[in-house]
Amino acid sequence: MNRNTMTAYIAAAFLAFGTLAPHAMAQSAPVSKMTKAQAGYYHVKVGTVNVTALSDGTLAIPPGDLLTNVAPGQVASSLAASFQSTHVHASVNAYLIESGKRLVLVDTGSGELYGPTLNKLVDSLKAVGYQPGQITDILITHIHTDHTGGLMDGKRMVFPNATLHLDARELDYWMSAVNRAKAPDSKRKNFDEALMKVKPYVDAGKVKPFDGATQLAPGLRSVPSYGHTPGHSFYALESGGEKLVFWGDLLHVAEVQLPDPAVTIVFDVDPVAAAAERKRAFAEAAREKYWVAGDHIAFPGVGHLRADGNGYRWVPMPYMNDHVTPAAN
């Protein structure tokens, strides 16, 4: 694939959300740097529960054109401090939870919607020994299609045996023709893609909405986190005295939003509520010292938060590879 085609895919991804100004679209985004595929999974243990981070790939995005409620020069300064330039390589992560006999997926990546550097989730899942048909449950943090795009491959359900769980507010908002009609022209594609990716599961009776904080399985519950979208939800997993909270889209550009949680992004449906929820969640995670996992934090996206002045610092989970391979007989 040549550079012009790759750049066109990236441009189309941004246009899907109607977010970039013409001058931003004129800039050529970086294309793929890697000539070899990365391993797209990382195993984590939470108490006695196996969790696996799954990579859907990365996408180069320009934070300077996407972040809002920022001071002049703030984004450039924060990116420079973390050795980033005008674009960052945003991870798109999902997570697999082995909960008894249930295989639970948290979000499903982007599918084909955002170009050739993504749509790797199924390959990552197969690399850890599971087929999409084995997934029993999918926890949707929200319906933006970098989280639900992987549900469908054309007209084929990628996860035909899975039940989708999501907040009823989220489902009602994106399935509503009235809300679509009220939306700006540039945002209506969001509703169309939501119908394309989620509605087939609704029609098949495979969606089980919940109302706010709900126990979904032993040690696994939803946590309301409304703002980024009307029904955006965290999922909290607890086992053996350990806790991991899956954050979904609480933050998009950690290099900027960790030091200043008030920074918002054009994807927020309600930026004021999204910022307030981010401040609350950051403070709680730092105070209670539990693990967190973010869909757009650099893969595998699991770590702790530590208070740092008026903001926070990301402390990634240390790499661990201490599995003992049984000796051959």
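Please refer to the structure higher up on the page.
A brief look at the structure comes next. Values in this document were obtained by computation on a predicted structure and should not be read as measured data. (Residues numbered from 1 in each chain as written. Predicted model: local features only at pLDDT ≥ 70, side-chain atom pairs only at ≥ 80, totals over all residues. Heavy atoms only, no water.)

## A few points about helix H11 (residues 271–288)
Its 18 residues give H11 an end-to-end C-alpha distance of 25 Å, which sits within 8% of 26 Å, the value for a rise of 1.5 Å per residue. Restricting attention to buried positions, one finds in H11 the residues Ala274, Ala275, Glu277, Arg278, Ala281, Phe282, Ala285 and Ala286. Along the axis of H11, the buried positions cluster into a sector of 165 degrees, meaning they face one direction only. In H11, the exposed residues that point more than 90 degrees away from the buried face are Val272 and Arg287. Positive backbone phi, at 60 degrees, marks lysine 289, one or two positions downstream of H11. (Helix = DSSP H or I, 4+ residues; strand = E, 2+ residues; numbered from the N terminus. Expected span 1.5 Å × (residues − 1). Buried < 20%, exposed > 50% of the residue type's maximum accessible area, 1.4 Å probe, protein only. Arc of directions from axis to C-beta.)

## A look at the layout of surface pockets
Over the atoms, a rolling probe the size of a water molecule traces out where space has been left empty. Size it by volume and the largest pocket reaches roughly 1,300 Å³. The wall of the largest pocket is formed by 45 residues, among which Met34, Gln38, Gly57, Thr58 and Ser91 lie closest to the centre. At the level of secondary structure, the elements contributing two or more residues to the lining of the largest pocket comprise strand E1 (41–46), strand E2 (49–61), strand E4 (88–99), helix H5 (121–127), helix H10 (254–257) and strand E18 (311–316). Considering each element in turn, the lining of the largest pocket owes the most residues, five residues, to E2. Of the residues that constitute the lining of the largest pocket, the class distribution is 24 nonpolar, 16 polar and five charged. Lining the second largest pocket are 17 residues, with His43, Val44, Lys45, Met320 and Asp322 sitting closest to its centre. Elements represented by at least two residues in the lining of the second largest pocket include exactly E1 and E2. (1 Å grid on protein atoms, 1.4 Å probe; cavity = no way out; pocket = protein on both sides within 12 Å on 5 of 7 lines; lining within 4 Å. Points joined across faces, edges and corners; volume = space filled by probe spheres on them. Nonpolar A, V, L, I, M, F, W, Y, C, P; charged D, E, K, R; others polar.)

## Quick notes on the environment of isoleucine 135
Considering the arrangement of structural elements, one finds isoleucine 135 in the loop between H5 and strand E6 (137–139). Sequence separation between isoleucine 135 and threonine 163 is 28 residues, and the spatial gap between their C-alpha atoms is 8.7 Å. Here isoleucine 135 is in contact with Leu96, Leu103, Leu105, Leu125, Phe159, Asn161 and Ala162, once residues within four sequence places are set aside. (Contact = heavy atoms within 4.5 Å.)

## Notes on the sheet that holds strand E11 (residues 215–217)
The seven strands lie next to each other as E11-E12-E13-E14-E16-E17-E18, forming an open sheet whose pairing is mixed. A single partner strand is all that each edge strand has here, and the edge strands are E11 and E18. Averaged over all pairs of adjacent strands, the angle between strand axes in this sheet comes to 35 degrees, irrespective of strand direction. The sheet contact formed by strand E14 (residues 242–248) and strand E16 (residues 291–294) spans four bridges and is parallel. Pairing of valine 245 across the sheet is with valine 292, part of E16. (Pairing = 2+ DSSP bridges. Axes fitted to C-alpha atoms, helices over the stretch in contact; angles between N-to-C directions.)

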